[in-house]
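# Working through the structure, step by step
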Amino acid sequence: MWVLGALLGVSTAFAQPAPAPPAAVPAPAAPAPTPAEPPPAPAEPAPEAAPPPEPTPDAASRSRPDEPEHAENDSSLKYTLDDIEVRGNDKTRSRVVLRYVPFRPGDVIDVDDPQVELTRYRLLGTGFFREVELSLRKGSRRGHVVLIIEVVERNTLVVNDLWMGLSADADTRGQPKPLTPYAGVDVAETNLAGTGISLGAAIGVARDQTALRIRFFDPAFLGGKWMTDGTLLFNDANDFFGNADVLFDDPGQTELQRFAVVRYERFGGSLGIGRDLSVSTQLWAHYRLERIDAEMPLAASHLRGTRPELDREPIDFSILRGESVLSTLSATLQHDTRDKPILPTSGWFTSVTTEVSLSPFGSDYPYSRIDVLANKWWTLPWHEHVVRLRLFGGAISGRAPFFERYYVGDFSDFRASRVLGLNVERRPVPNFFGTDIVEVRYGDYAAKIEGEYRIPLYRGSRSVFGIDLFARAGLFAVAGQRDVTHPPGGYSGAALVPIDFSANLGVQMDTSAGGFTFALANVFGFLPALSEGK
């Protein structure tokens, strides 16, 4: 599998593992519905029927509790919850499972409450379990029930991300290189000793570049309701600036080059604290502190536009020379109703993130940022095909360092995206529409709309849970503040809108080791017609 990825130049990505969908939560006396539908209400019990004999434990789990409570003018069935039992959790502690369950003994539970199904989705989304089933059995007296949570555990030592591909970068002197491999891997134990704590590490490598990450996540800090996470990072990296005919002044060297290169190091980390607002909604706050050390040419200029005699401009590297400090505070609101984290077939995943640089507390980069992301999945009525719509929009105000700005390669499938913050690609995007996006590398504004179609090829229950063929396509735009106020010369009309086309084709897999995506757009990007973006 890895060899295939390397030979094809395939970019692969992983996520937390997720199982094939088990049956949905059953009502006490009704057969289980399909996962996309709420459980039907059981038939009304006979009001004067004598209580049935005490069932065996197996039968009890399938029997209907007697005398459900009916709220006035409410036809829904409600029961008082006596207890919650967790079964099948040989490794995971029961308190870890219950941390994701919004119900407690003494609560009145409605069998039609959407939170019941969302609880199942949330437990699947932890990556701890391959199957999750919720059911009710009779409680201590009429109208009382016990909630049974049955789980099938899965491997929790997983590969979260894997990057393999080919790019075209440049050496440290700014000379272009036609073909360069890059790679990276992110692994984690997502359920350390059954506590739900996640410990992970990642490494990314490319020509003259290295990135390292160490992180942790605790879903119940000190046994309470607050979540915490943290990350340590180190990047020894390069980046490439200049559109054409770059002139730069470096100590001991002034000559015509294809690119001006910034060499920099980042070291620091972040700490976060979060809280569940509901079974599907979380609020997070993060503080980040980094030390940056950058080397760059004393001065550099390039041709920005199509008129060589008129369009030479200085290059803005968007970073401070020497040592500097980045300090920010961010907040993220996240809503997740996917039925599973890998190969989802229904639900939403949305997030809104705002970030503010803390200039009064030592940050050398005054800026603010907002990102909005929305994904929606639908299962079509034929052959379980799935459609996804993805929307993204973001804006930056102020002077953010270039590695925090929007990079065009992160939006185009035909170019290598950044690997743990490393930029491994020097080429502009293909520029299918002949717009001035070919002049853009980093921007302050970005937007993308994308559609994806998935066809199931295989479903299993062992090491490979699912394989889907996918095709996706979309449009994106990236622009900097200067691209808006002072567009590059030689463009007019619709060409002044920095927009381009992106598409991809491949297979997605859900396995016991994580989620895999094998895609071909990276290879297509080396076709002569798509290579240099002009």
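Residues numbered from 1 in each chain as written. Predicted model: local features only at pLDDT ≥ 70, side-chain atom pairs only at ≥ 80, totals over all residues. Heavy atoms only, no water.

## Considering the nonpolar core
- Membership of the largest hydrophobic core comes to 47 residues, with the highest contact counts inside it found for V262, Y264, F317, I319, F402 and V478.
- Each residue touching F402, except ones within four places of it in the same chain, is listed here: D239, F241, V262, Y264, F317, S318, I319, R418 and Y442.
- Grouped together as the second largest cluster of nonpolar side chains are 24 residues, I84, L123, F128 and L136 included. (Core = buried A, V, L, I, M, F, W, Y, C linked by side-chain atoms within 4.5 Å. Buried < 20%, exposed > 50% of the residue type's maximum accessible area, 1.4 Å probe, protein only. Contact = heavy atoms within 4.5 Å.)

## As for the packing of aromatic side chains
- Within the structure shown, the criterion is met by 17 aromatic pairs.
- Geometrically, the ring pair formed by F392 and Y406 is edge-to-face, given 6.2 Å between the ring centres and 70° between the ring planes. Separated by 14 residues along the polypeptide, F392 in strand 19 (residues 386–398) and Y406 in strand 20 (residues 406–407) bring together distant segments of the chain. Summarising the burial analysis for this pair, F392 and Y406 share the class buried.
- Between the NZ or CZ atom of R266 and the centre of the ring of F403, over which it lies, the distance is 4.1 Å. (Phe/Tyr/Trp six-rings, centres within 6.5 Å; stacked < 30°, edge-to-face > 60°. Helix = DSSP H or I, 4+ residues; strand = E, 2+ residues; numbered from the N terminus. Lys NZ or Arg CZ within 6 Å of the ring centre and 35° of its normal.)

## Some details on helix 4 (residues 114–125)
- For helix 4, which comprises twelve residues, the first-to-last C-alpha distance of 16 Å matches the rise-based estimate of 16 Å (1.5 Å per residue) to within 8%.
- The element helix 4 is largely enclosed, with a buried count of nine among its twelve residues.
- Taken together, the buried positions of helix 4 are occupied by V116, E117, L118, T119, R120, Y121, R122, L123 and L124.
- The backbone nitrogen of Q115 has a side-chain oxygen 3.0 Å away, supplied by the residue at the start of helix 4, namely D113.
- Positive backbone phi, at 85°, marks G127, one or two positions downstream of helix 4. (Expected span 1.5 Å × (residues − 1). Polar contact = N/O pair within 3.5 Å; in protein donor to acceptor, adjacent residues only side chain to side chain.)

## Remarks on a nonpolar patch on the surface
- Residues W378, L389, L391, F432, F433, I449 and L475 make up a contiguous nonpolar surface patch of about 600 Å² in total accessible area.
- When you line up the elements, I449 lands in strand 22 (residues 445–459).
- The partly exposed category is assigned to I449, whose relative accessible area is 44%. (Patch = residues over 30% accessible without salt bridge, like charges linked within 9 Å, V, L, I, M, F, W, Y side chains within 5 Å. Areas by Shrake-Rupley, 256 points an atom, 1.4 Å probe, with all protein chains shown as cover. Salt bridge = Lys/Arg side-chain N within 4 Å of Asp/Glu carboxyl O.)

## As for the pairing of strand 24 (residues 499–511)
- Looking at chain direction, strand 23 (residues 464–479) and strand 24 are connected through 13 bridges and run antiparallel. Bridge pairing links V464 to T511 in strand 24.
- Summarising the sheet, strand 24 and strand 25 (residues 514–519) pair through six bridges and their orientation is antiparallel. Residue M509 lies in a different strand from strand 25, and its bridge partner there is F516.
- What sits between strand 24 and strand 25 in their antiparallel hairpin is a turn of two residues. (Pairing = 2+ DSSP bridges.)

## A short note on the side chain of R120
- Tracing the chain through its elements places R120 in helix 4.
- There is a polar contact of 3.2 Å between the side chain of R120 and the backbone oxygen of V132.

## Quick word on the confidence of the model for the protein
- When the pLDDT values of the protein are averaged, the result is 82; 80% of them are 70 or greater.
- Here residues 1–64 is a poorly scored stretch, pLDDT under 50, and it has 171 contacts once near neighbours within four places are set aside; other chains count. (pLDDT = per-residue confidence, 0-100.)

## With respect to the pattern of salt bridges
- With the rule as written, the count across this model stands at 34 salt bridges.
- R130 is the salt-bridge partner of E131, the closest N and O atoms lying 3.5 Å from each other.
- On the accessibility criterion, E131 (28% relative accessible area) is partly exposed.
- Via salt bridges that share partners, R266, R288, E290, E355, R369, D371 and E404 belong to a single interconnected network.

## As for the sheet that holds strand 2 (residues 108–110)
- The four strands lie next to each other as 2-1-4-3, forming an open sheet whose pairing is mixed. The strands lining the two open edges of the sheet, one partner per strand, are strand 2 and strand 3 (129–138). Mean inter-strand twist for the sheet, computed between neighbouring axes without regard to direction, equals 45°.
- Across nine bridges, strand 3 lies against strand 4 (residues 144–153) in antiparallel orientation. (Axes fitted to C-alpha atoms, helices over the stretch in contact; angles between N-to-C directions.)

## Thoughts on the pairing of strand 9 (residues 226–241)
- Bridge analysis of strand 8 (residues 209–218) against strand 9 gives nine bridges, and the strand direction is antiparallel. In the strand pairing of strand 9, T210 is matched with D236.

## Structural notes on the side chain of D229
- Along the chain, the position of D229 falls in strand 9.
- At 8.3 Å, R215 is the nearest oppositely charged side chain to D229, a buried residue that forms no salt bridge.
- Reaching out from D229, the side chain makes a polar contact with the side chain of H286 at a distance of 2.9 Å. (Lys, Arg positive; Asp, Glu negative; His and termini not counted.)

## Overview of the environment of H302
- Structurally, H302 is set in strand 14 (residues 299–303).
- Overall, H302 belongs to the buried group, its relative accessible area being 9%.
- On a C-alpha basis, the gap between H302 and E313 in space is 5.7 Å, while along the polypeptide they are eleven residues apart.
- Discounting residues that sit within four places of it in the chain, H302 has contacts with G242, N243, A244, D245, V246, D311, R312, E313, P314 and I315.
- Within the local environment of H302, its side chain forms a polar contact with the backbone nitrogen of N243, the two atoms lying 2.9 Å apart.

## A few points about unusual backbone geometry
- The backbone of D208 sits at a positive phi, close to 60°, despite the residue not being glycine.
- Looking at where D208 falls in the secondary structure, it is placed in the loop between strand 7 (198–206) and strand 8.
- Phi at N431 is positive, roughly 65°, even though this residue is not glycine.
- Mapped onto the elements of the fold, N431 is located in the loop between strand 20 and strand 21 (442–443).
- Exposure remark for N431: the relative accessible area of 13% places this residue in the buried category.

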